Amino acid sequence: MVNTLKTVRNIVERHGAKYEELNYPKRGKKSVDLLVVSQKRTFLLKVVDDYTKASRAEVEELKKAAASLNGKPAIVSELVEDPEVSIDRGVPVIHPLALDKSLSGEKLFAIMSKGEVFIKIDHEKLRKKREESGMSIGDVANRVGISRISVYEYERGIVDKVTLPVAEKLVDLFGDDILGDVMDVDLGDIVQETYTYDDSKRFKTSGYTVFEFSFTVMDFVATKGDEKILGVVTNEESKINETKKVERLVGGRILILDREKGTRG
């Protein structure tokens, strides 16, 4: 992982992006290795040599962390062949060179799945382009050679990727604006169902969206509107200092809940 992390850091620095390496926990499972802010986009990256070694718990928490910080999760591994992008448990798995392209502002729209190439579609732009053209769903279905229900599902994001031949026909009709970006992961359905900390419950009952963490620097994040609270339930200075890195990069307010010394903000 050391060599891959060094490669990723070099790419991020070359783009002039702001970033922080999160070094907590020091051992064991960890959901986020790098927090990157570039072109007003925030990326939460788990960097591994072999992406198959990332546990389900780490990947699920990576998605929660991205949802709490309004960022984009990704697993970066040199085991993935560039320019291939795959999806593992709802998270893009990309080669460092694909990250390079994304930081340049390029869309990563091609997805490899079971040896076949699929193309991600921006369902909102597809619907808008289709309506602007005056074409009906049936017209598109006939021109592309697919069913009306397929067009309906594409436009509503029920199905967000299509085969390469279908994508080529859709692009011929509406242009490449309809191509989506694999890095734009929908995190809207992630819900924290149980809470370990009384403080998390208190924020939840006060109308905040709250996520708890086990494998990253914060113990919980509570958000409401533009307000973001980074909760740390510890008196461990190293963990507090690592959380300050997140605060510096994405804003918010650290709330230190030290059971011995009391609450500090």
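Refer to the structure above for everything that follows.
Residues numbered from 1 in each chain as written. Predicted model: local features only at pLDDT ≥ 70, side-chain atom pairs only at ≥ 80, totals over all residues. Heavy atoms only, no water.

A. Representation of the overall build of the protein chain. Each helix and strand counted, the protein chain has 9 helices and 14 strands in total. Compactness check: the protein chain gives a C-alpha radius of gyration of 20 Å against a globular reference of 18 Å for 265 residues, within 12% of the reference. Seen through its principal axes, the protein chain has C-alpha atoms that stretch 70 × 45 × 30 Å. Residues counted as buried form 49% of the 265 residues belonging to the protein chain. In the protein chain, 57% of the contacts between residues at least 6 apart in sequence involve partners at least 24 apart. Between the mean site of the 44 positive side-chain charges and the mean site of the 46 negative ones, the protein chain shows a separation of 3 Å. (Helix = DSSP H or I, 4+ residues; strand = E, 2+ residues; numbered from the N terminus. Rg over C-alpha atoms; globule rule 2.2 N^0.38 Å. Buried < 20%, exposed > 50% of the residue type's maximum accessible area, 1.4 Å probe, protein only. Contact = heavy atoms within 4.5 Å. Lys, Arg positive; Asp, Glu negative; His and termini not counted. Charge placed at Lys NZ, Arg CZ, Asp CG, Glu CD.)

B. Quick peek at the sheet that holds strand S7 (residues 110-113). In spatial order, the strands read S7-S8-S9; together these 3 strands make up an open sheet with antiparallel pairing. In this open sheet, the two strands that pair with only one neighbour each are S7 and strand S9 (161-163). Ignoring which end each strand starts from, the neighbouring axes of this sheet average 40° apart. Looking at chain direction, strand S8 (residues 116-120) and S9 are connected through 3 bridges and run antiparallel. Paired with Phe118 across the two strands is Thr163, which belongs to S9. (Pairing = 2+ DSSP bridges. Axes fitted to C-alpha atoms, helices over the stretch in contact; angles between N-to-C directions.)

C. Broad picture of the pattern of salt bridges. Across all of its chains, the model carries 17 salt bridges by this definition. Between Asp100 and Arg14 there is a salt bridge, with its nearest N and O atoms 2.9 Å apart. Linking Asp100 in helix H3 (residues 96-103) with Arg14 in helix H1 (residues 2-14), this pair joins segments that are 86 residues apart in sequence. Of the residues examined, Asp100 reaches a relative accessible area of 17% and is grouped as buried. Using a relative accessible area of 55% as the deciding quantity, one classes Arg14 as exposed. In this structure, a network of salt bridges that share partners links the residues Arg130, Glu155 and Arg156. (Salt bridge = Lys/Arg side-chain N within 4 Å of Asp/Glu carboxyl O.)

D. Geometry of the pairing of strand S11 (residues 220-224). Most of S11 is tucked away, with 4 of its 5 residues classed as buried. Here strand S10 (residues 209-212) runs beside S11; their pairing, made up of 4 bridges, is antiparallel. The partner of Val210 across the bridge, within S11, is Ala222. Relative to strand S12 (residues 227-232), S11 runs antiparallel, the two sharing 5 bridges. Following the sheet pairing, Phe220 is matched in S12 by Gly231. Hairpin connection between S11 and S12: a loop of 2 residues separates the two successive antiparallel strands, and Gly225 in this loop has a positive phi of roughly 60°.

E. Quick look at the sheet that holds strand S1 (residues 18-21). Taking strand neighbours across the sheet as the criterion, the 6 strands line up as S1-S2-S3-S4-S6-S5 in an open arrangement whose pairing is mixed. Lying at the two open borders of the sheet, with one neighbouring strand each, are S1 and strand S5 (85-88). Strand-to-strand twist of the sheet, defined as the mean angle between neighbouring strand axes without regard to direction, takes the value 30°. In terms of strand pairing, strand S3 (residues 41-47) meets strand S4 (residues 72-76) through 5 bridges, oriented parallel. Paired with Phe43 across the two strands is Lys72, which belongs to S4.

F. Inspection of H1 at higher detail. Its 13 residues place the ends of H1 18 Å apart at the C-alpha level, agreeing with the 18 Å of an ideal helix rising 1.5 Å per residue. Where H1 is concerned, the buried positions are Thr4, Leu5, Val8, Ile11 and Val12. The arc enclosing the buried residues of H1, seen along the axis, measures out at 125°, which places them on a common side. The exposed set on the far side of H1, more than 90 degrees from its buried face, consists of Val2, Asn3 and Arg14. Next to the buried residues of H1 lie S1, strand S2 (34-38), S3, S4 and H3. Within two residues after H1, Gly16 carries a phi angle of roughly 70°, on the positive side. (Expected span 1.5 Å × (residues − 1). Arc of directions from axis to C-beta.)

G. Up close: the packing of aromatic side chains. Tallied over the entire structure, the rule returns 2 aromatic pairs. Between Phe203 and Tyr208 the ring centres are 5.1 Å apart and the planes differ by 80°, which places this aromatic pair in the edge-to-face class. One exposure class covers both Phe203 and Tyr208, and it is buried. Linked through ring pairs, Phe203, Tyr208 and Phe220 together constitute an aromatic cluster. Its guanidinium or amino end placed over the ring of Phe203, Arg202 lies 4.8 Å from that ring's centre, counting from NZ or CZ. (Phe/Tyr/Trp six-rings, centres within 6.5 Å; stacked < 30°, edge-to-face > 60°. Lys NZ or Arg CZ within 6 Å of the ring centre and 35° of its normal.)

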